[in-house]
Amino acid sequence: YVGAQRGEGLAHLRHAHDALLAQAERLDPLEVLTARTFLANALVLDGRLGEAQAPLQDAVARHARLGAAAGASHILDVSRAMWLADTGRLDEARRLLEQLRDATVAQSGLATPM
């Protein structure tokens, strides 16, 4: 039953994602970035690493294009690190996580719980 619910949730997320992407030219680029990020994250968490690669790479590229306007994207960053680790690219995952840690400490100080 739990697996059925999880599968249904992913199906609903895909449907919402596809509906948003179908009208991407009319949407705020941040909304499209969010849709791509959430789909990639759900796929990574579900272990669908092959399916996650394209939306993850697209979200990373969109985030880079938006620059400062995109702000921090912790879900995207952690999803990317998880994808790298789960696909055996452990050194890259570690470097990314270390960069995230360092950025968090620089922004909030060492006393911030992580």
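Placed above this text is the structure.
Predicted model, so just to flag it, every value in this text is computed and none were measured.

Peer 1: How should the nonpolar core be read in this particular structure?
Peer 2: Side chains of nonpolar character tend, in soluble globular proteins, to be buried together. In terms of nonpolar packing, the biggest core is built from 18 residues, with L43, A52, L56, W83, L84 and L96 touching the most fellow members. For this core, the secondary-structure elements that each account for two or more residues are α2 (29-45), α3 (49-66), α4 (74-86) and α5 (90-108). The biggest single contributor to this core is α2, with five residues.

Peer 1: Just to check I follow, could you spell out the environment of A70 for this structure?
Peer 2: Topologically, A70 is positioned in the loop between α3 and α4. On the basis of relative accessible area, A70 is assigned to the buried category, the value being 15%. On a C-alpha basis, the gap between A70 and L30 in space is 6.6 Å, while along the polypeptide they are 40 residues apart. Contact partners of A70, with chain neighbours within four places excluded, come to L30, L33 and H63.

Peer 1: Could you clarify how one ought to interpret the environment of H15 in this entry?
Peer 2: Relative to the helices and strands, H15 resides in helix α1 (residues 2-22). Taking C-alpha positions, H15 is 22 Å from W83, a pair spaced 68 residues apart along the chain.

Procedures and definitions
- Residues numbered from 1 in each chain as written.
- Predicted model: local features only at pLDDT ≥ 70, side-chain atom pairs only at ≥ 80, totals over all residues.
- Heavy atoms only, no water.
- Core = buried A, V, L, I, M, F, W, Y, C linked by side-chain atoms within 4.5 Å.
- Buried < 20%, exposed > 50% of the residue type's maximum accessible area, 1.4 Å probe, protein only.
- Helix = DSSP H or I, 4+ residues; strand = E, 2+ residues; numbered from the N terminus.
- Contact = heavy atoms within 4.5 Å.

Treat this as a map of the structure, not an account of what it does.
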